[in-house]
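Structural features, examined
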Amino acid sequence: QSVLTQPPSASGTPGQRVTMSCSGSTSNIGINYVYWYQKVPGTAPKLLIYRDQQRAPGAPDRFSGSKSGSSASLAISGLRSDDEADYYCAVWDDSLRGLVFGGGTKLTVL
Amino acid sequence: EVQLVQSGAEVKKPGESLKISCKGSGFRFTSYWVHWVRQMPGKGLEWMGRIDPGDSFTQYSPSFQGHVTISADKSTNTAYLQWSSLKASDSGIYFCARPLDLDALDIWGQGTTVTVSS
């Protein structure tokens, strides 16, 4: 059971905007930067967002991150079929003294 | 080109030892932490720990402390993850990664699949 809570699934149709959440606490999201990763089976994770809302080099501008209090969100606009993947949030946890990942959200493009 | 190249897939028996590697190139290896991340079959990403190759200072996730050892050889730009006695539950894909900024892991190895089975 991760200290970061993500919904297990999300879905949308091509062209739609979808958002997914990541809920943490005052020892992690509340005080440290949030990162978002895209994970496609058989490939290494890809960094999408760092420092809560900065797009990583090479990440499309359709991806955006936000944070409020102890929760963060990833939004994907103009949904495409190749966005179908697992998405993970991550953050440094000061209580655990380590990086923690959320359980991941599986995005299905209908 | 900045890259991390990991050693190949391993098939081991319970109780055996194992050391997998992650070789960096295209950047100053001692200037970046090297992190290790596990993905068990059908499960999510788990952070295992990280090492500063410059001085070999290491931090572990509480979930992995005592079960694995992270090390590095700065003379060969290589980080290692090792087990002294494998269990079936150690089966999974292990990734090494380098941060872009703080703990934002932007450079990843290709992953090493470890299978532990009798």
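The following refers to the structure shown. Quick caveat: nothing in here was measured; it's all calculated off a predicted structure. The numbering scheme is per chain: residues are counted from 1 as the chain's sequence reads. Numbering of ligands from 1 and lettering of chains from A proceed in the order in which they are written. Local features are withheld for residues below a pLDDT of 70 in this predicted model, meaning they are given only at 70 or higher, and side-chain atom pairs are given and counted only at 80 or more; totals for whole chains, interfaces and linings count all residues. Side-chain descriptors were evaluated using all non-hydrogen atoms of the structure, hydrogens and water having been removed beforehand.

Considerations on the side chain of A:Asp83
Residue and element names in this part refer to chain A.
- Among the secondary structure elements, Asp83 is positioned in the loop between β7 (71–76) and β8 (85–93).
- A simple rule labels every residue: compare its accessible area, found with a 1.4 Å probe on the protein chains alone, to the largest value its type can have, and call it buried under 20%, exposed over 50%, or partly exposed in between. On the accessibility criterion, Asp83 (2% relative accessible area) is buried.
- There is a polar contact of 2.8 Å between the side chain of Asp83 and the side chain of Arg62.
- Only heavy atoms enter the contact rule, under which two residues are in contact if any of them lie within 4.5 Å. When residues no more than four places from it in sequence are discounted, the contact partners of Asp83 are Gln38, Arg62, Phe63, Ile76, Gly78, Leu107 and Val109. For the purposes of this entry, the term helix denotes a DSSP run of H or I that reaches at least four residues, the term strand denotes a run of E that reaches at least two, and both are numbered from the N terminus. Under this definition, polar contacts are N or O atom pairs within 3.5 Å; protein pairs additionally need one hydrogen-donor-capable and one acceptor-capable atom, and for neighbouring residues in sequence, both atoms have to be side-chain atoms.

As for the pairing of strand β3 (residues 34–39) of chain A
Residues and elements named next belong to chain A.
- Of all six residues that make up β3, six are buried, and the element is covered over most of its length.
- Side chains of β3 alternate between two faces, with Val34, Trp36 and Gln38 and Tyr35, Tyr37 and Lys39 buried alike.
- Looking at chain direction, β3 and β8 are connected through six bridges and run antiparallel. Residue Val34 lies in a different strand from β8, and its bridge partner there is Val91.
- The pairing criterion for strands is at least two bridges between them, as found by DSSP. Two elements, β3 and strand β4 (residues 46–50), share three bridges in a ladder whose sense is antiparallel. Among the inter-strand pairings, Gln38 is bridged to a residue of β4, identified as Lys46.

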